Amino acid sequence: MFYNAPWAPLAASAVVVVLIVLLAFVLRNVAHRVITRVVNRAAAGGSITSRFRKGIATDGIDVLLHERRKQRAETMGSVLKHVASVVILGTAVLTVLDRLTIPIAPLLTSVGILGVAIGFGAQELVKDFIAGMFMLLEDQYGVGDVIDAGPAIGTVEAVTLRITRLRDADGRVWYVRNGTITRVGNESQGWSRAFMDVPVAYDADVVGVRVLLEHVAEEVWADPELRESKIVEPLTVYGVEQLSDSSLVFRITAKTLPAAQAEVARELRMRVKTALDDAGIPMVASA
């Protein structure tokens, strides 16, 4: 009956095509949901600042780290969604064409030639995108980091697959293509180090100066406004770092949170200068 009707094969093909399209969209939606769930989990993350401090309010730093994770995860999620859509819907289109007995070999050949032509014409763009992909996957830097990207030095304000936007110390905004960045110096990843060289007269009491600097280091580490909120380890006094015909140079270092080294160094210079003045030990210009 229906099987012998002339329109039966056409109806069967139409049903198969509809099923293929519906299945493709269902798979696409499922893939997008999975990617969104993974992205949200990655964006939420845990606060890495807890490694450095216990019970200290660090809302500002945590917000910055959360924004960095969120932007990185959302960018990667957007790329994965586009890739999933292209693969699933592209496969569905080719399957439908094959079901309708439309030759797909010439189409694939044309697409291949077009892809090669676009690849040659957009080499720089492809280079930027690939560099941006690896930069995000490797977490080389993120929003809020202070980096030296070669063409510019500044604070990262935005990161995309194609460009990185920096703002330098003068307030100038730089747009740097990811493909042009051959090396990155990140001052805000993991931890930083503040140090101060203290030049004193050559005939100064070495033991006395070192004891005084160690006392200053202990005071700084004991300060609740600095300890574990900006400084993550007790300060180190290395003793005499350099010798010259006019001065002895002592060095103090402090391991700090990322990008906090300048503030800690300023506080350290003020306290060391005050302690030396109180002890009557003059600082001299180092050679």
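Structural notes, computed from the coordinates. Given the structure is predicted, the values throughout are model-derived calculations rather than measurements.

What follows concerns the overall build of the chain. Each helix and strand counted, the chain has six helices and eight strands in total. In the chain, which comprises 287 residues, the proportion classed as buried is 33%. Nonlocal contacts in the chain, meaning residues at least 24 apart in sequence, comprise 66% of its contacts between residues at least 6 apart. Of the accessible surface of the chain, which amounts to about 17,500 Å², a share of 63% is contributed by carbon and sulfur atoms.

An order of β6-β8-β7 is seen for the three strands of this open sheet, with the pairing classed as antiparallel. Of all the strands in the sheet, just β6 (192-201) and β7 (236-243) have a single pairing partner and so form its edges. Strand-to-strand twist across the sheet, computed as the mean angle between neighbouring axes with direction ignored, equals 25°. Examined bridge by bridge, β7 and strand β8 (residues 247-256) share six bridges and lie antiparallel to one another. Residue pairing in the sheet places Val240 in a bridge with Phe250 of β8. Helix-sheet contacts for helix α5 (residues 206-222) involve β6, β7 and β8, and the interaxial angle to β7 is about 140°. With respect to the sheet, helix α6 (residues 261-279) is in contact with β6 and β8, its orientation differing from that of β6 by roughly 25°.

The next point concerns helix α4 (residues 123-138). With 16 residues, α4 ought to run about 22 Å at 1.5 Å a step, and its terminal C-alpha atoms sit 22 Å apart, in line with that. Residues Asp128, Gly132, Met135 and Leu136 constitute the buried set of α4. Buried residues in α4, looked at end-on, bunch into an arc of 90°, giving them a common side. Among the residues trailing α4, Asp139 stands out with phi positive, at a value near 55°.

Each value, and the rule that gives it
Residues numbered from 1 in each chain as written. Predicted model: local features only at pLDDT ≥ 70, side-chain atom pairs only at ≥ 80, totals over all residues. Heavy atoms only, no water. Helix = DSSP H or I, 4+ residues; strand = E, 2+ residues; numbered from the N terminus. Buried < 20%, exposed > 50% of the residue type's maximum accessible area, 1.4 Å probe, protein only. Contact = heavy atoms within 4.5 Å. Areas by Shrake-Rupley, 256 points an atom, 1.4 Å probe, with all protein chains shown as cover. Pairing = 2+ DSSP bridges. Axes fitted to C-alpha atoms, helices over the stretch in contact; angles between N-to-C directions. Expected span 1.5 Å × (residues − 1). Arc of directions from axis to C-beta.

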